[in-house]
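# Remarks on the overall topology
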Amino acid sequence: MENDKKNSWIADTIRSLDGMKRAEGSEKIYAGILHKMHGAKVIILSPDKPVSIKKLSVAAAVIFIIFSFNLYTVNHAGTKNPKQQSIDNVAQYYQLTDTNPLYNI
Amino acid sequence: MNEIQLLILIAEGNEQAFSRFYALFRSKVYNTCLSYLQNIEESEEAVQDIFLEIYASAGNFRKDASVSTWVYRLTVNKCLDRIRYKKRRKRFAFILSLFNQVTGELQFDHADFSHPGILLENKEKAAILFKAIDQLPENQKTAFILKHIEGLSQKEISEVMNAGEKAVESLIQRAKSNLRRMLSDIYDLTEGKKKK
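Residues numbered from 1 in each chain as written. Chains lettered and ligands numbered in written order. Predicted model: local features only at pLDDT ≥ 70, side-chain atom pairs only at ≥ 80, totals over all residues. Heavy atoms only, no water.

## Points about the interface of chain B and chain A
Put simply, the test is: In what follows, residue pairs with any heavy atoms lying within 4.5 Å of each other are defined as contacts. A 1.4 Å probe defines the accessible area here, and the buried area is the portion of it lost by two parts on being joined, summed over both. Whenever a carboxyl oxygen of Asp or Glu lies within 4 Å of a side-chain nitrogen of Lys or Arg, that contact is scored as a salt bridge.
Listed per partner, the contact involves 45 residues of chain B and 32 residues of chain A. Counting each side, the surface lost to burial between chain B and chain A is near 3,600 Å², with a carbon and sulfur contribution of 64%. When the buried area of chain B at its contact with chain A is split by residue, B:Q48, B:K125 and B:Y187 rank highest and sum to 19% of it. There are six salt bridges connecting chain B and chain A.

## Describing the packing of helix α5 (residues 123–134) of chain B against helix α6 (residues 138–149) of chain B
How we decide: Axis lines are fitted through C-alpha atoms, for helices just across the contact stretch, and the angle between N-to-C directions can take any value from 0 to 180 degrees. Only DSSP runs of H or I with at least four residues qualify as helices, and only runs of E with at least two residues qualify as strands; both kinds are numbered from the N terminus onward.
Where α5(B) meets α6(B), the closest approach of the two axes is 10 Å, and the angle between their N-to-C directions is 145 degrees. Contacts from B:F130, B:I133 and B:D134 of α5(B) reach α6(B) at B:K141, B:F144, B:I145 and B:I149.

## Describing the confidence of the model for chain A
To keep it simple, the criterion reads: pLDDT is a per-residue confidence score from the predictor, ranging from 0 to 100.
The predicted model of chain A has a mean per-residue pLDDT of 78, with 72% of residues at 70 or higher. Within chain A, no element has a lower average pLDDT than strand β1 (residues 42–46) of chain A, which sits at 55, and none a higher one than helix α1 (residues 2–14) of chain A, at 88.

## Let's talk about the environment of B:N2
Residue and element names in this part refer to chain B. What counts is decided by this rule: Here a polar contact is recorded for every N or O atom pair within 3.5 Å, except that within protein the pair must consist of a potential hydrogen donor and a potential acceptor, and residues adjacent in sequence are included only if both atoms are side-chain atoms.
Mapped onto the elements, N2 comes out in the segment before α1 (3–11). Separated by 73 residues in sequence, N2 and T75 have C-alpha atoms that sit 20 Å apart. Engagement of the side chain of N2 in a polar contact is seen with the backbone nitrogen of Q5, the distance being 2.8 Å.

The structure is reproduced here in structure tokens:
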């Protein structure tokens, strides 16, 4: 008895799609498509993966920043070599500067 | 003007042809998206993405399949991509919500998706069925949706899925038997709760 009730409920549930009508999407969908088509220009690098110009610009900006930072580091890091710097520090600590007067003999 | 001629014009950037193409396929694409994604806003977004892809890749259409098959294939792939993306993001939450941590029993929260095309008297049961469809494996889900919601023939489904007709038939049978099993569990769960 309980099993019959259950089977009938399952059959009714599966049949619940009978007589289903197609839903119509709202008008704003097409407006959205046009907006995306004209608003965000798309570059087709491969047919499966269109890439928006916005994404490409961000990628280009990131590459530019990294490149500039590298260039800056390379140009400024080599001005004094570490050995020379440590000799200067020792000289300064013991006041071995060029201004020390010579022995007055 | 037939669908292939429209696609040729779309590939040349003709927006009027695109608008006519959209009018021809909007309903099929939207309904398929609704069946997969079970969310109106998400389906609308997916429809936009699909038609943008059609606009961008109209020139790549090969005449070895019908235009309808091609559109359905794009739609199914786009919907499955969205579902996979959502699953990746919600994997841990999903696993936690699937099982009750105390009893280990399967949790079933009442379906909240109501397909706008369903008859009023069937709404409640259809919502439960959609929830069960959502749990099917991808290929069974695709075969079931295309057959029982979109009303495609087995031959058309096999073209969309790039599979043999026998394989499609078997997928539909397995989908139905899985749905019966899931619905049986849901019945036990809901009736069990009522009795308690």
